[in-house]
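# Fold and contact review
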Amino acid sequence: MIDKHVEYIRQAAEAGAQIICLQEIFTGPYFCAEQEPRWYDTAEEIPNGPTVRLMQDLARKHGATIIVPIYEREQAGILYNTAAVIRGDGEYLGKYRKTHIPHTAPGFWEKYYFRPGNLGYPTFDLGFARIGVYICYDRHFPEGARALGLNGAEIVFNPSATVAGLSEYLWKLEQPAHAVANGYFIAAINRVGTEAPWNIGHFYGSSYFCDPRGQTIAQASRGC
């Protein structure tokens, strides 16, 4: 998975991207579809783990900011769903920890793996824009979206792993509403396809950018 994303990052940078956001827990499958302690071993330190260090090298190489959503181990038994923010010169700026943790059937057993975030709603100054991060289920809660705006976010990135059903309707509704209410751009990023052996549903892609008027200015297909 990481090798594939290294190539995606290269392609995005060569196309002119200044900020690249990867999908939620991008290093592997959406393992919250089951409750198995073996997945605890996939958590890494931030910023001193191997994935963040690799992404620092890539950010420096391509001159692009990279938002890196991975499974974070703060210490033994203290685990979070986190996104690290790395500036285009390779500097680690900080991280956001997912605040709202779902535990819903079928297949979203996130409280088995993650503690609720405890860092508030930080924003990160890139020099040309101030950005914030909101992860997947967080998007259902307007209070955090407002906090990001009050903290100066001009663009908010929401890396997600969400499947078709009621969620798909809300995907099209909630984030443009946050953009309008708070006067910032939103980049909504979703997984694609299905993941065996769990097959909990179709990750419907449809990633998009919307502007502060809630209008979609670019959108990917259901397959990307």
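Remember, predicted model here, so these are calculated numbers, not experimental data.

Moving on: the pairing of strand S8 (residues 130-133). Bridging between strand S7 (residues 123-125) and S8 involves three bridges; their strand directions are antiparallel. Counted as the bridge partner of Asp125 is Arg130 from S8. Where S7 folds back on S8, the antiparallel hairpin that results is connected by four residues, among which Gly127 adopts a positive phi of roughly 95 degrees. Examined bridge by bridge, S8 and strand S9 (residues 155-159) share three bridges and lie parallel to one another. Pairing of Ile131 across the sheet is with Ile155, part of S9. Handedness of the S8-helix H3 (residues 142-150)-S9 crossover: right-handed.

Residues Ile46 and Pro47 are joined by a peptide bond in cis, for which omega reads 10 degrees. The residue Pro47 is located in the loop between strand S1 (19-21) and helix H2 (50-62) in this model. Positive phi values are uncommon outside glycine, yet Cys136 reaches one of about 45 degrees. Mapped onto the elements, Cys136 comes out in the loop between S8 and H3.

Below, the discussion takes up helix H1 (residues 2-14). For H1, which comprises 13 residues, the first-to-last C-alpha distance of 18 Å matches the rise-based estimate of 18 Å (1.5 Å per residue) to within 8%. Contacts from the buried residues of H1 go to S1, H2 and strand S2 (65-75). Two residues or fewer after H1 comes Gly16, characterised by a positive phi angle close to 105 degrees.

Let us look at the side chain of His100. Mapped onto the elements of the fold, His100 is located in the loop between strand S4 (92-97) and strand S5 (103-104). At a separation of 2.7 Å, a polar atom in the side chain of His100 contacts the side chain of Asp138. Excluding anything up to four places from it in sequence, His100 contacts Tyr121, Tyr134, Tyr137, Asp138 and Phe141.

Next up on the list: the sheet that holds strand S3 (residues 78-86). If you walk across this open sheet you meet the four strands as S1-S2-S3-S4, and the pairing is mixed. Strand pairing shows two members of the sheet lacking a second neighbour, S1 and S4, which therefore form its edges. Pairs of neighbouring strands in the sheet enclose a mean axial angle of 35 degrees, with direction left out of account. Note: S1 against S2, three bridges, orientation parallel. Following the sheet pairing, Cys21 is matched in S2 by Ile67. The strands touched by H2 within the sheet are S2, S3 and S4, with S2 carrying the most contacts at an inclination of about 165 degrees.

Pairing between strand S13 (residues 208-210) and strand S14 (residues 216-219): three bridges, direction antiparallel. Bridged to Phe209 within S14 is Ala218. Linking two consecutive strands that pair antiparallel, namely S13 and S14, is a turn of five residues; a positive phi of about 80 degrees is found at Gly214 within it.

What counts, and where the lines are drawn
Residues numbered from 1 in each chain as written. Predicted model: local features only at pLDDT ≥ 70, side-chain atom pairs only at ≥ 80, totals over all residues. Heavy atoms only, no water. Pairing = 2+ DSSP bridges. Helix = DSSP H or I, 4+ residues; strand = E, 2+ residues; numbered from the N terminus. Right-handed = clockwise from strand over helix to strand, strands pointing away. Expected span 1.5 Å × (residues − 1). Contact = heavy atoms within 4.5 Å. Polar contact = N/O pair within 3.5 Å; in protein donor to acceptor, adjacent residues only side chain to side chain. Axes fitted to C-alpha atoms, helices over the stretch in contact; angles between N-to-C directions.

The quantities given are spatial measurements derived from coordinates; they are silent on function.
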